8 protein chains.
Amino acid sequence: MDVKSILESFKKGELSADEAEKLLRMDYIDSIGDSVLFDSSRHLRTGIPEVVYANSKKPETVLEIVRKRDSGILLISKAKDEHLDLLEKGIPEIRIFRECGMAVKGEFPEKKKGRIGIITAGTSDIPIAMEAKLMAEAMGIECITFFDIGVAGLHRILEPMQKLIESHVSAIVVVAGMEGALPTVVSSLSPVPVIGVPTSTGYGYGGNGECALMSMLQSCSPGLSVVNIDNGIGAGATAALIAGNRSDVP
Amino acid sequence: MDVKSILESFKKGELSADEAEKLLRMDYIDSIGDSVLFDSSRHLRTGIPEVVYANSKKPETVLEIVRKRDSGILLISKAKDEHLDLLEKGIPEIRIFRECGMAVKGEFPEKKKGRIGIITAGTSDIPIAMEAKLMAEAMGIECITFFDIGVAGLHRILEPMQKLIESHVSAIVVVAGMEGALPTVVSSLSPVPVIGVPTSTGYGYGGNGECALMSMLQSCSPGLSVVNIDNGIGAGATAALIAGNRSDVP
Amino acid sequence: MDVKSILESFKKGELSADEAEKLLRMDYIDSIGDSVLFDSSRHLRTGIPEVVYANSKKPETVLEIVRKRDSGILLISKAKDEHLDLLEKGIPEIRIFRECGMAVKGEFPEKKKGRIGIITAGTSDIPIAMEAKLMAEAMGIECITFFDIGVAGLHRILEPMQKLIESHVSAIVVVAGMEGALPTVVSSLSPVPVIGVPTSTGYGYGGNGECALMSMLQSCSPGLSVVNIDNGIGAGATAALIAGNRSDVP
Amino acid sequence: MDVKSILESFKKGELSADEAEKLLRMDYIDSIGDSVLFDSSRHLRTGIPEVVYANSKKPETVLEIVRKRDSGILLISKAKDEHLDLLEKGIPEIRIFRECGMAVKGEFPEKKKGRIGIITAGTSDIPIAMEAKLMAEAMGIECITFFDIGVAGLHRILEPMQKLIESHVSAIVVVAGMEGALPTVVSSLSPVPVIGVPTSTGYGYGGNGECALMSMLQSCSPGLSVVNIDNGIGAGATAALIAGNRSDVP
Amino acid sequence: MDVKSILESFKKGELSADEAEKLLRMDYIDSIGDSVLFDSSRHLRTGIPEVVYANSKKPETVLEIVRKRDSGILLISKAKDEHLDLLEKGIPEIRIFRECGMAVKGEFPEKKKGRIGIITAGTSDIPIAMEAKLMAEAMGIECITFFDIGVAGLHRILEPMQKLIESHVSAIVVVAGMEGALPTVVSSLSPVPVIGVPTSTGYGYGGNGECALMSMLQSCSPGLSVVNIDNGIGAGATAALIAGNRSDVP
Amino acid sequence: MDVKSILESFKKGELSADEAEKLLRMDYIDSIGDSVLFDSSRHLRTGIPEVVYANSKKPETVLEIVRKRDSGILLISKAKDEHLDLLEKGIPEIRIFRECGMAVKGEFPEKKKGRIGIITAGTSDIPIAMEAKLMAEAMGIECITFFDIGVAGLHRILEPMQKLIESHVSAIVVVAGMEGALPTVVSSLSPVPVIGVPTSTGYGYGGNGECALMSMLQSCSPGLSVVNIDNGIGAGATAALIAGNRSDVP
Amino acid sequence: MDVKSILESFKKGELSADEAEKLLRMDYIDSIGDSVLFDSSRHLRTGIPEVVYANSKKPETVLEIVRKRDSGILLISKAKDEHLDLLEKGIPEIRIFRECGMAVKGEFPEKKKGRIGIITAGTSDIPIAMEAKLMAEAMGIECITFFDIGVAGLHRILEPMQKLIESHVSAIVVVAGMEGALPTVVSSLSPVPVIGVPTSTGYGYGGNGECALMSMLQSCSPGLSVVNIDNGIGAGATAALIAGNRSDVP
Amino acid sequence: MDVKSILESFKKGELSADEAEKLLRMDYIDSIGDSVLFDSSRHLRTGIPEVVYANSKKPETVLEIVRKRDSGILLISKAKDEHLDLLEKGIPEIRIFRECGMAVKGEFPEKKKGRIGIITAGTSDIPIAMEAKLMAEAMGIECITFFDIGVAGLHRILEPMQKLIESHVSAIVVVAGMEGALPTVVSSLSPVPVIGVPTSTGYGYGGNGECALMSMLQSCSPGLSVVNIDNGIGAGATAALIAGNRSDVP
């Protein structure tokens, strides 16, 4: 029962003033968050899909959550083989991406105009880059990827950068572990914002992504911002949000 | 002497093959970085101005650097009073912004179409927000600011958010110290990407910006990325880069 | 032999002054800690039961400890399956709570008047919330629980809060991992004290409960206090202590 | 114009359905946070006064904030001499507490029934204990204080504990730096909840409150919860909230 | 009134059973800590004097504490010039040791048989070594000192070691900052226990005593134990306690 | 050939001056470390046996090392079951102590006069206490042990302390994890030096021995020194060194 | 087509000015990184071979990478048994070094004149020393090794040092865990530069290589530089680079 | 009296066997460290001068140390103005280098054949580079310096690198703060070893040199080793040691 109906019923005397106020309050409570404050339509406007973080949940719990969800697109991330095995058995139509511990329920939306680039420094960074890619594609954004562009062969970044710029990407996700220098270099070459994703590779002092995160934050390159270690999902969402708003790219 | 001129002079016999090659090599060395690799024209295309980090330099050194620079726009950041005093005396046309420890030489460019929002959680976060604002304005981007929208009065964010969305901002910079929750909340309400700037306020465990940085990175809100503690300049540049590429906003 | 009996025996001449003093001294040593200093009757007055921390003990050791205890209520926490398996076999009357790694020997006491609320941010926080619930119930306190009230759907906290307030809870335990913002939000809504429990979820910088703990401590919300990461037992005891002293709730 | 008035005007035809809905929406937006979600009446019900954290603000800013506030009670905390000097000059009726860097505007409320205890381990912890005391008194709660009850003379805690228990305190705030063992000892003796406040005393490994905070969190004593290092205000508010709800103490 | 007097008065009828019990209980409470538990006579038996940690106290407070104390020996440590100046003025008989920020009230006791050695790695470590020396002398222990025996000239330790061994020291305090290797070397040469004191010298990674503390703890040399960074007092007390118990040295 | 023989042979003309000098130099090089500098006779005088740290070595390597050693006493510590299994098979006379991951080759020496006390806070600390005990016994020192004297039942320490003091122990090893308060309490009661051993129990902030180590170092109790986390061997050696030098105990 | 050929063709009219410029630009882009900037001929001149870090890669990926490489020498490091097993099966000519988790494809180059020394403190450090040895040998450098020269027997370093100096080594790699003191001692004895390699041995505070790294950096010994924890490869390369440039050693 | 003289005197009967042995032993003790073990002639062979670390010493102490030293070359580092002022007054011939807080007593030695390069990333790194330069020059090594070659203008390193390589430098010191990427880039371009010096510039997470140190250690570039934050002296000594041994450079 919406506001106008309540008003009408009240006018017609079908509702007392008290009853009308109570109903309006109920509508009010329902609406908080749903329509104004917490913007439940955010998904509709921005297309950021819901993501289930599987790692700290039991496979059965994840299966149950995924089963309940019957419309729209749903991503499952940081899933172990035991999660994926159960999902594969239980939900025939689900798509499994074992190389990055993910699963996707529902179809990807139509492609929007915007595009993003995704670059990794090494082979070990590819699973996190795949997270970013799936998230962005789930938001209707095309991804142009260049994997294994290490900083050791810094010159190898020239060609990818030219291709990305020619492709009119609106943002570039750069995934790197170890000393994490690649996002800074890419950012210094890029006319579009760069989102750095530190990965938990490397050992010794500064290993497990700490040095990579620190370097990206400490870097003086304006135009570079960062998400948490191994958070490919977040980087993909941010880049896709930048690209998804663009109607002015060819 | 550019490539074509060299070729012509060589054809005319004014240059020997050796001389021509040597000149081409020189052009080649000059060009590295300048035109291709390190993209010296980045500034021209993106409008990110050069920034002098004054804090670890002597006032005299900063003055000298600023004097040398005779075209374009130049920002001086994290300047102490002694830096600003000397600059004020030495360079009459410089504009001083004491409230955020900055100075600007040169005129701001014409305004582009894009706009950004800048929000602070508390009064103490305003100087860092001012850094972001000056950087963005130096890139031709209009800033709509809402200061002192603390998380304590979370509801106070409703109206600013509506105004920012109605103003078609392309990105929102959120500056917050202490527990740093505001960027997460703004991000959950925002259809555009949010750049969080942790500030070095707060005391005890997690003080000096550590908790704020950690919360922003740990937050699960997709669409939120982060710059280093107190790096208003970086956040302003990232947001302005997102906005500056937009030709499709009203 | 208590003080008066000693005095009487001394008066009657059954004890010499030396013997009387010696007996009084023995009573004295017995009493230290037992009746005055270390308050062995604390359990009786407050009803905080003894808790065996199983995790760093061998299953056999835990079984032996539990067997020895033949009166009152005893909780076993942070138990692995191997502990619970052995306890289940060895002590038929024990109650096993596998979902939170706990076991309980003895009956819960009669319910007191006081009540507490327990809220979790996510599914992964439920086992720690169960610790708090069992501890509080073992102290005679009724628990009203709302699980999986994530900060992402901040508006979902409205209804639980109203129900908790209407139920006259005397304290609210809030269990949260990741960025740990929920206790701050609950505290800002709550007329009763809130006890935050950070949980060791989350990955990357600030993972394993560090960010959650830091946020709760850094938060400026008065009325919020904190226990250690994953210490559901401690939070349950604190909340139950607050509630258990209340005789003025309906 | 409240909901009922709107309904009445609508019924009388003074408002169209659209106008009525619009007014209801406006009421709705006004109310969010103010009456339901963010509970602006929390202060009224709980009596937690607003606190201005002076340390990171300029004296002039603090003066301005305090001047604006013209009703109710307002606390200023972590103020330096320069803050207090200006406040003293500018606001004649303000009360200055230099020993703990605080100022209070407005009168303390009538005393409630509840009482709390405040104990410090050493002389250096007294300013933080004073913060807790002023906060609690500003919430109408009487404080019984015992300062300088160091753990070195552990036996010196016997008498204070007996007096606190006889005084029917509802909670005890324990302020301690260095190795921070006192709250654990007090908690093991106390039938009421204990709130530990680590202070930034001590030097070397674990100095500046880190060891004190860690010990309080690591302690296995159920019934002990903790606030951030040097956060006397938060501890006072939590203890006063526990005590303030009690109508059943003599 | 001691236990026997109470018993006698009771027998004589001067006290009722109730009065006698009450008096015995009072004696009991007085005694706790004083004679049994907390061993107030520890000082008498071990000769460890009380130490006032001046650093976090106001000069006036320190003066007041020192004045109150009218018997026995009292040490003031980590005192700044302002503390020492006031003490010098206010208490004519006090002895001031500015080079290590200490003051001593009262006479040193007669020398016991035991002796200890104190060695420093560098010049900067001497003030902390002086703390240890004064503490040990205040416990009646003679100290044989060798300052500035750096690890750089490792061979320079040969002679001091021979002299210490020939002097029958019962323990050796070794004070070292930077990489803190000296205590390990001394320990490997020493037939008596070594107490390492890390000092807060050094800069960069591991500076401020962190590396020194870590090295001493990580060292595999059996017979080496450690006190906190800059805690010369604690090391002196430990060494003096070892030496003070010895009646079997020449 | 010793110095005197060389001199004699030289005098007799059996050696030229050059040959004599060369032989003296050889003796000299042999002696460095062996007899003077590095005190290879330390073991003989102090009785500290060699310890093989098994944890980071392969079982085969440990077996080989132990086999080579054919005289004196040899301890193997931090051994896993696979190490102990192989040692048990390969060296029939070895004694295995599985409860603390140790093995001992060779006979313990005759008991000296000195004695030490060993106390643990909890059950989980017993293996580390056993390390200390075996090390001390391997140095001829009798150990009086009290296990599971937790700080929770602080009064339970009264009786053990009295027994230790009556037994004339020369030092007390106190093993504790979690918040690590027991060594401080024991030290405040003890007329002899206390060596604290933090253990890697506890979870959350300050877990794994960090809080215990910090508390012991931060504690202001003079007479308490500390070894590294879980280093029972080091504590046992230090305590035994203190006790082993005593000829004046009954 | 090189620069001169392009010039000639242009002169002959076989190329237009535009075509010539385009070809020159292509040469230019090809050259960047390849011949000038990123020095792809570094390997040729310095002989530092490529190293594949296996640990974070799947065995199949490593096999594929190694197979593709068909000339020169290739090292595989930090390989687990599963990597080595697959490499052994798939590439018959590969040499496997299980003791240090490495494999080598291709022949070692001819020995250069330069030599280096490699020393380890303990048995556990040998695998990391083997990494350094294989890397150096792959660069044509002979290695003289002394393993298990612990700091405990500091005098045992005399003879190795004399042999290394007599062998005219140009640099010494010193591998040490625990407290990491050996490189400092070696450096103080060495006329050539020392490269310290901390290893991840040791437990408790400062374990896992942290203390070793810190000590080596904090050490004041000039001539000592450091690589990351467990980075034997890096140390071997640095030492071999120093030695490989030497043509002046016998 | 040297060994041969002793032998002669003994042969002549001027010395008894006992006296001869005693004298030989004294020679023996004198020699330890001086001629064999601790290599006091290291300075002579390697030319590493002694360095007085002024920062933690009083000006008067530094003056006294410098005065005592009457031959050879002596460096004073990390000196404040108050140190330099006193040295300037007290020792007329001393050379003061205020820009890097150093002073030099004695003349630099003759130049050796070897040369090194020194590069800084920014202006703020110059004082630390000057430390390296003075140290190297004090060892007779010529330094070719390029200051302010920031990573932002990465291409600006091309020309300096070419010049350094053409100058046949034997090692390159690279000084950098912030994210510390420059040493990695230089190392990837360099045929000679690179020594990285992190500097304590930068703010926020990873500031004060932590990120720079971490990046240099985490970097995978073989041939790069590192000294502690701000340790220009150590880097200069290491580089000069590499260069000083070279007799094969033009």
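What counts and what doesn't
- Residues numbered from 1 in each chain as written.
- Chains lettered and ligands numbered in written order.
- Predicted model: local features only at pLDDT ≥ 70, side-chain atom pairs only at ≥ 80, totals over all residues.
- Heavy atoms only, no water.
- Helix = DSSP H or I, 4+ residues; strand = E, 2+ residues; numbered from the N terminus.
- Buried < 20%, exposed > 50% of the residue type's maximum accessible area, 1.4 Å probe, protein only.
- Areas by Shrake-Rupley, 256 points an atom, 1.4 Å probe, with all protein chains shown as cover.
- Phe/Tyr/Trp six-rings, centres within 6.5 Å; stacked < 30°, edge-to-face > 60°.
- Lys NZ or Arg CZ within 6 Å of the ring centre and 35° of its normal.
- Arc of directions from axis to C-beta.
- Contact = heavy atoms within 4.5 Å.
- Salt bridge = Lys/Arg side-chain N within 4 Å of Asp/Glu carboxyl O.
- Pairing = 2+ DSSP bridges.
- Axes fitted to C-alpha atoms, helices over the stretch in contact; angles between N-to-C directions.
- Buried area = accessible area lost by both parts, 1.4 Å probe.
- Polar contact = N/O pair within 3.5 Å; in protein donor to acceptor, adjacent residues only side chain to side chain.
- Least-squares fit on C-alpha atoms with pLDDT ≥ 70 in both.
- pLDDT = per-residue confidence, 0-100.
- Nonpolar A, V, L, I, M, F, W, Y, C, P; charged D, E, K, R; others polar.
- Parallel < 35°, antiparallel > 145°, perpendicular 65-115°, else oblique.
- Left-handed = near helix turned anticlockwise from the far one by under 90°.
- Expected span 1.5 Å × (residues − 1).
- Right-handed = clockwise from strand over helix to strand, strands pointing away.

Caption draft 1: Highlighting the overall build of chain A. Within chain A one finds 10 helices and nine strands. Across the 250 residues of chain A, 63% fall into the buried class. Of the roughly 9,100 Å² that chain A leaves accessible, carbon and sulfur atoms contribute 51%.

Caption draft 2: Summary view of the packing of aromatic side chains. Applying the stated criterion to the full structure yields 12 aromatic pairs over all chains. Ring centres of Tyr203(E) and Tyr53(H) lie 5.7 Å apart, and the angle between their planes is 25°; on these two criteria the pair is classed as stacked. Remark: Tyr53(H) occurs in strand β1 (residues 50-53) and Tyr203(E) occurs in the loop between β8 (194-198) and α9 (210-218); the pair is interchain, linking two chains. Lying across the ring of Phe108(A), Arg95(A) places its NZ or CZ 4.5 Å from the centre.

Caption draft 3: Molecular detail of helix α4 (residues 59-68) of chain A. Residues and elements named next belong to chain A. Residues Pro59, Val62, Leu63 and Val66 constitute the buried set of α4. Angular distribution of buried residues about the axis of α4 spans 100°; they occupy a single face of the element. Packed against the buried residues of α4 are β2 (74-77), α5 (81-90) and β4 (102-105).

Caption draft 4: Molecular detail of the pattern of salt bridges. All names here are of chain G. Within the structure shown, the criterion is met by 56 salt bridges over all chains. The closest approach of N and O atoms between arginine 98 and aspartate 85, which form a salt bridge, is 2.7 Å. Within this pair, whereas arginine 98 is found in the loop between β3 (95-97) and β4 (102-105), its partner aspartate 85 is found in helix α5 (residues 81-90), the two being separated by 13 residues in sequence. For arginine 98, a relative accessible area of 37% puts it in the partly exposed group.

Caption draft 5: Main features of the sheet that holds strand β1 (residues 50-53) of chain B. Residue and element names in this part refer to chain B. Strands sit in the order β1-β2-β4-β3 across an open sheet of four strands; the sheet is mixed. Two strands bound the open sheet, and with one partner strand each, they are β1 and β3 (95-97). Between one strand and the next, the sheet's axes are offset by a mean angle of 20°, whatever the strand orientation. Relative to strand β4 (residues 102-105), β3 is paired through three bridges, and the arrangement is antiparallel. Across the sheet, the residue bridging to phenylalanine 97 is methionine 102, located in β4.

Caption draft 6: Layout of the interface of chain D and chain C. With 38 residues of chain D in contact, the opposing surface of chain C contributes 38 residues. Taking both partners together, chain D and chain C bury about 3,400 Å²; carbon and sulfur atoms supply 58% of that area. There are zero salt bridges connecting chain D and chain C. Counting across the interface, chain D meets chain C through four residue pairs in polar contact (both at pLDDT 80 or more). Elements with a contribution of two residues or more to the side of chain D that touches chain C: α3 (42-46), α7 (158-166), α8 (182-189), α9 (210-218), β9 (224-226) and α10 (232-244) of chain D. Of all the elements, α10(D) adds the most residues to the side of chain D that touches chain C, at five residues.

Caption draft 7: Examining the relation of the copies chain D and chain F more closely. The two copies are related by a screw motion: chain D maps onto chain F through a turn of 180° and a shift of 0.1 Å along the axis, at an RMSD of 0.1 Å. Both copies are brought into coincidence by an operation consistent with a two-fold rotation axis. Taken together, the interface assignments show that 100% of the residues at the interface of chain D recur at the interface of chain F, consistent with an identical surface on both copies.

Caption draft 8: Focus on the confidence of the model for chain A. Residues and elements named next belong to chain A. On average, residues of chain A carry a pLDDT of 85, and 87% of them reach 70 or more. Scored below 50 in pLDDT, residues 28-41 makes 41 contacts in the model with residues more than four places away or belonging to other chains. Scoring the predicted complex yields pTM 0.86 and, for the interface, ipTM 0.83.

Caption draft 9: Up close: the interface of chain D and chain F. Each partner contributes to the interface: chain D provides 19 residues, whereas chain F provides 19 residues. Considering only the side of chain D, the residues that lose the most area to chain F are Tyr205(D), Met214(D) and Gln218(D), jointly responsible for 44% of the buried surface there. Taken together, the connections running from chain D to chain F amount to zero salt bridges. Across the chain D-chain F interface, the total number found is seven residue pairs in polar contact (both at pLDDT 80 or more). Per element, the largest residue contribution to the side of chain D that touches chain F is seven residues, and it comes from α9(D). Residues belonging to the side of chain D that touches chain F are distributed by class as follows: nine nonpolar, eight polar and two charged.

Caption draft 10: Region of the structure containing the relation of the copies chain D and chain C. It takes a turn of 180° to lay chain D on chain C, together with a shift of 0.0 Å along the axis; the resulting RMSD is 0.1 Å. Here 100% of the interface residues in chain D have copies in chain C that are interface residues too; the copies meet face to matching face.

Caption draft 11: Seen up close, the packing of helix α4 (residues 59-68) of chain H against helix α5 (residues 81-90) of chain H. All names here are of chain H. Close contact between α4 and α5 brings their axes to 9 Å; oriented N to C, the two are set at 40°. Classified by the interaxial angle, the pair formed by α4 and α5 is oblique. Crossing handedness for the pair α4 and α5: right-handed. On the side of α4, the interface is formed by Pro59, Glu60, Val62, Leu63, Val66 and Arg67, while α5 contributes Glu82, His83, Leu86, Leu87 and Gly90. In terms of residue class, the contact of α4 with α5 is made up of six nonpolar, two polar and three charged.

Caption draft 12: Examining unusual backbone geometry more closely. The backbone of Asp148(D) sits at a positive phi, close to 70°, despite the residue not being glycine. Locating Asp148(D) in the fold gives a position in the loop between β6 (142-146) and α7. Among the residues examined, Asp148(D) registers a relative accessible area of 32% and is labelled partly exposed. A positive phi angle is found at His168(H), which is not glycine, with a value near 60°. Along the chain, His168(H) turns up in the loop between α7 (158-166) and β7 (171-176). Here His168(H) falls in the partly exposed class, since its relative accessible area comes to 40%.

Caption draft 13: Summary view of helix α6 (residues 126-137) of chain A. All names here are of chain A. For α6, built from 12 residues, the straight-helix expectation of 16 Å at 1.5 Å per residue is met to within 8% by its first-to-last C-alpha distance of 16 Å. When you tally the buried positions in α6, you get nine out of 12 residues, the bulk of the element. Among the residues of α6, Ile128, Ala129, Met130, Glu131, Ala132, Leu134, Met135, Ala136 and Glu137 are the ones counted as buried.

Caption draft 14: Structural view of the pairing of strand β2 (residues 74-77) of chain H. All names here are of chain H. What you see with β2 is no split at all: Leu74 and Ile76 on one side and Leu75 and Ser77 on the other are buried throughout. Relative to β2, β1 is paired through four bridges, and the arrangement is parallel. Residue pairing across strands places glutamate 50 opposite leucine 74, the latter belonging to β2. Crossover handedness for the path β1 to α4 to β2: right-handed. Bridge count for β2 against strand β4 (residues 102-105) is three bridges, and the pairing is antiparallel. By the bridge assignment for β4, isoleucine 76 is matched with alanine 103.

Caption draft 15: The environment of Thr238(E), seen in detail. Here Thr238(E) is to be found in helix α10 (residues 232-244). What makes Thr238(E) buried here is its relative accessible area of 1%. Spatially, the C-alpha atom of Thr238(E) lies 9.5 Å from that of Ile48(E), the residues being 190 residues apart in sequence. Those residues within four positions of Thr238(E) in sequence are excluded, and the remaining contacts are Ile195(E), Pro193(F), Gly223(F), Leu224(F) and Ser225(F).

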